[in-house]
Amino acid sequence: MSDIPRRTASRTAKLASLPLGVAGRAAAGWGRWLAGGDREQISAQMMAKSAEQLFAVLGELKGGAMKFGQALSIFEAAVPEELAGPYRDALTKLQSAAPPMPPADVHRMLAEQFGRNWRSRFRDFDEEPAAAASIGQVHRAVWRDGREVAVKVQYPGAEEALRSDLRQLSRMSRLLQPLAPGMEIKPLITELQERMVEELDYRDEADNQRAFAAEYDGDAEIRVPKVVASAPRAMVSEWVAGRRLSDVIRSGTQEERDHAGERLAGFHYSAPYRLHLLHSDPHPGNFQVLDDGRMLVVDFGAVARLPEGLPPPLTVMTKYALENRPADLLQLLRDEGFVRPGTELTAEEALAYLAPFTEPLRTETFRFTRAWLQRQAERVGDLRRPEFDTGRALNLPPQYLLVHRVTLGTLGVLCQLEAEVPLRGIVGRWQPELFAAS
């Protein structure tokens, strides 16, 4: 494969095979069950086959298809185990793996970005990619001054593939919903479309990474590699490597999980106040744990600018929910556009819907678990529960969508880690007004 498959018709056909394949296996499994087969065994086989197809299609297409798969991987902890289990390995692979570019394409892209004599910038360049992602892959190299560096090269055709995939995924959002029970697919795809342009120009990513690297330089908890050189479709930064967070999730000790969770939460809540930026791609493939205990953070293509830190109305809403102030909470929700016009919602209903989400802030430490997140997803997504009707009355204004998604994504990763985290202290350090006496 010389680049991302570009033909729209071909990409559309592959993407269309996902929901059709899931539906076809469901129908076949139902028929086998009626004929006397074991229902649990048939379901497990069906979901395993669906997971294999998911990885094969999204991984091959890269582009927006793979970006969508990576976004889904953050939220798998919210899905009931009998559904999430078969997808977990396939989605985890999408965080860091894809079919690589041939060396000739890598050379061509580097010549376009850094000039025909690009090799003179390096003492050594490893032809085999060290990692692959949705729109680019990373090679290990030695810079001309002897530093080990990571060279990120964008796939040829990335922009065209992103646009084509996300348009098609948006049209198919209802059919794709079975791939992520309990999660709204269409708003996720819409946000990916809106942020697409930012991620395509690596110069923007380099500027973001320089800002984070400068702020966290010498930090005791967080490490961000420094940028060495950048161009629109290629970027060079320091080579730093540790243990992948996905490996800690899969096989780490409880102590290692707790440590990683505390570092991840600290990074998420500190960045908006330390440099008024929010790393907006929290899937585990972007984090590693270093030997010295620090959390390594990479991939700054998606960054939100927050001049006031996390939006103050969100902090005040959380405070009202923590302090059991339903009337104040409902008024603020209405003032900020969180309640759909023309809908009826009582203060008690609003508090009952939001208060359980504040549970991690009510104690000195909180054990994040898949079971806890699944309970939250079931509570607000079950048609038979009153919270479902409350959710239909609520609205998420566009200016809060990204922060909401990233925060939920971070909580999802903490639940994958099953980490016990002193979240109240972490949040209180950066948002002291949250716990100040009213």
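See the structure above.
Just so it is clear, the structure is predicted and the values come from calculations on it, not from any experiment. (Residues numbered from 1 in each chain as written. Predicted model: local features only at pLDDT ≥ 70, side-chain atom pairs only at ≥ 80, totals over all residues. Heavy atoms only, no water.)

Novice: Please give an account of helix H13 (residues 326-335) that cites residues and values.
Specialist: Considered for burial, the residues of H13 that qualify are Pro326, Leu329, Leu330, Leu332 and Leu333. Summarising the axial view, the buried residues of H13 lie within an arc of 165°, below the 170-degree limit, and thus occupy one face. Along H13, exposed side chains directed more than 90 degrees from the buried face belong to Ala327 and Asp335. On its buried face, H13 is in contact with helix H12 (312-322) and helix H14 (347-354). Following H13 by one or two positions, Gly337 adopts a phi angle in the positive range, close to 85°. (Buried < 20%, exposed > 50% of the residue type's maximum accessible area, 1.4 Å probe, protein only. Helix = DSSP H or I, 4+ residues; strand = E, 2+ residues; numbered from the N terminus. Arc of directions from axis to C-beta. Contact = heavy atoms within 4.5 Å.)

Novice: How would you explain the side chain of Lys152 if you had to name every residue and give the values?
Specialist: One can find Lys152 in strand S3 (residues 148-154). Using a relative accessible area of 16% as the deciding quantity, one classes Lys152 as buried. For Lys152, the residues in contact, after removing those within four places along its chain, are Gln137, Val138, Tyr202, Glu205, Arg233, Ala234, Met235 and Asp299.

Novice: Any chance you could break down the pattern of salt bridges for me, citing the residues and the numbers?
Specialist: According to the stated counting rule, one finds 24 salt bridges in the structure shown. When the shortest N-O distance is used, the salt bridge between Arg325 and Asp328 registers 3.0 Å. A relative accessible area of 24% places Arg325 in the partly exposed class. Judged by its relative accessible area of 33%, Asp328 falls in the partly exposed class. The shortest N-O distance in the salt bridge between Arg367 and Glu420 comes to 3.0 Å. Here Arg367, found in strand S12 (residues 366-367), pairs with Glu420, found in strand S13 (residues 420-421); they are 53 residues apart in sequence, far enough to count as distant. Salt bridges here are not isolated pairs; linked through shared partners, they connect Arg243, Asp247, Arg250 and Glu256. (Salt bridge = Lys/Arg side-chain N within 4 Å of Asp/Glu carboxyl O.)

Novice: Explain the packing of helix H11 (residues 254-274) against helix H17 (residues 398-417) residue by residue, including any values.
Specialist: Helix packing geometry: the angle between the two helix axes and the distance between the axes. Remark: H11 packs on H17, axes separated minimally by 9 Å, with the N-to-C direction vectors making an angle of 170°. Between H11 and H17, the crossing angle belongs to the class labelled roughly antiparallel. For the pair formed by H11 and H17, the contact residues are Arg257, Ala260, Gly261, Leu264, Ala265, His268 and Tyr269 on the first element and Val406, Thr407, Thr410, Val413, Leu414, Gln416 and Leu417 on the second. The residue inventory of the contact of H11 with H17, partitioned by class, reads eight nonpolar, five polar and one charged. (Axes fitted to C-alpha atoms, helices over the stretch in contact; angles between N-to-C directions. Parallel < 35°, antiparallel > 145°, perpendicular 65-115°, else oblique. Nonpolar A, V, L, I, M, F, W, Y, C, P; charged D, E, K, R; others polar.)

Novice: Give me the lowdown on the packing of aromatic side chains, citing residues and values where you can.
Specialist: The full count for this structure, using the stated rule, is 13 aromatic pairs. Judged by centre distance (5.3 Å) and plane angle (75°), the ring pair of Trp118 and Phe125 falls under edge-to-face. Here Trp118 matches Phe125 in class, with each residue buried. Seen from their ring centres, Tyr216 and Phe267 are 5.6 Å apart, and the 55° between their planes marks the pair as tilted. Residue Tyr216 is located in the loop between helix H9 (202-215) and strand S4 (222-223), and its partner Phe267 is located in helix H11; the two are separated by 51 residues in the primary sequence. (Phe/Tyr/Trp six-rings, centres within 6.5 Å; stacked < 30°, edge-to-face > 60°.)

Novice: Hey, could you go over the packing of H12 against H13 for me, with residue numbers and the actual values?
Specialist: At a minimum axis separation of 9 Å, H12 and H13 run at an interaxial angle of 155°. Here H13 runs roughly antiparallel to H12, going by the angle between their axes. Of the two elements, H12 crosses H13, and the hand of that crossing is left-handed. Residues Pro313, Val316, Met317 and Tyr320 of H12 form the contact with H13, whose participating residues are Asp328, Leu329, Leu332 and Leu333. Residue composition of the contact of H12 with H13, by class: seven nonpolar, no polar and one charged. (Left-handed = near helix turned anticlockwise from the far one by under 90°.)

Novice: Break down the sheet that holds strand S10 (residues 295-297) for me, with residues and values.
Specialist: The strand order across the open sheet built from four strands is S4-S10-S9-S7, with neighbouring strands paired in mixed fashion. This sheet does not close on itself; its edge strands, each paired only once, are S4 and strand S7 (243-244). Relative to S10, S4 runs parallel, the two being bridged by two bridges. Each residue of the ladder has a partner; that of Ile222, found in S10, is Met295. Contacting S4, S7, strand S9 (287-289) and S10, H11 runs over the sheet at an angle of about 45° to S10. (Pairing = 2+ DSSP bridges.)

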